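Read off the chains here:
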Amino acid sequence: MKIIKNVFLVCCTLFLLQSCIVSSKPNIAFFSNSDYDYENAQFASFNVPLFLAKPFIKKALREDGESEAAIAMVKKVSKIKMMTVANGSEKMLKDYAKYLKNENYEDWATIRHDGDNVNIRVKQKGDVIKNMLITVNSKKDLVFLDVRGSFTADDISRMINIAADK
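What counts and how
- Residues numbered from 1 in each chain as written.
- Predicted model: local features only at pLDDT ≥ 70, side-chain atom pairs only at ≥ 80, totals over all residues.
- Heavy atoms only, no water.
- Pairing = 2+ DSSP bridges.
- Helix = DSSP H or I, 4+ residues; strand = E, 2+ residues; numbered from the N terminus.
- Axes fitted to C-alpha atoms, helices over the stretch in contact; angles between N-to-C directions.
- Contact = heavy atoms within 4.5 Å.
- Expected span 1.5 Å × (residues − 1).
- Buried < 20%, exposed > 50% of the residue type's maximum accessible area, 1.4 Å probe, protein only.

Peer 1: So what's going on with the sheet that holds strand β5 (residues 128-138)? Residues and values would help.
Peer 2: Sheet strands pair by backbone hydrogen bonding; their relative direction is either parallel or antiparallel. Spatial strand order, β1-β2-β6-β5-β4-β3: 6 strands in an open sheet with antiparallel pairing. Whereas interior strands pair on both sides, the edge strands pair on one side only; in this sheet they are β1 (42-48) and β3 (106-113). Each adjacent strand pair in this sheet contributes to an overall mean axis angle of 15°, direction not counted. In the packing of helix α4 (residues 90-102) onto the sheet, the strands contacted are β2 (77-86), β4 (116-125), β5 and β6 (141-151), and the crossing angle to β5 comes to about 170°.

Peer 1: Give me the lowdown on helix α2 (residues 50-63), citing residues and values where you can.
Peer 2: With 14 residues, α2 extends 19 Å from end C-alpha to end C-alpha; this agrees with the ideal 20 Å at 1.5 Å per step. Buried-residue contacts for α2 involve β1, α3 (68-75) and β2. A positive backbone phi angle near 80° is found at G65, which sits one or two residues after α2.

Peer 1: Which residues make up the environment of F31, and what are the values?
Peer 2: For F31, the location among the structural elements is in the loop between α1 (2-17) and β1. For F31, a relative accessible area of 2% puts it in the buried group. Sequence separation between F31 and Y96 is 65 residues; the distance between their C-alpha atoms is 8.3 Å.

Structure (structure tokens):
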């Protein structure tokens, strides 16, 4: 009986951690289009299991002296997908922006920091923001974060102000 219990626990753990596996295939909708020519772009993507990540993120924010507003934002997140693109092109980034506009995403902020551009786009229903896409453009290397949760415009504004103050 003990062996069956241990095997069951190991199988459940492996099932829950399967999203931690890094993939060379894109996990964000626009980049999953097989008809698009990505040229020499190289993808690395993974889903972040939040039940494991939230406690570590909160602890790290507290240790760094971040405000409670930043920590409260973490509590509202329900899913995060992350993807990096090496050798991405400006054309690909512009096509991605067109795609997001067609999908009813609103461009909320562009933050320039040390030569990098950070774009924040949101998709909302009424006053509630259900999806936030953050794009970090650093010349040829790009980072995409797809953050899902239940945010308000005030939450996003506070997050932008926290990031802009640093």
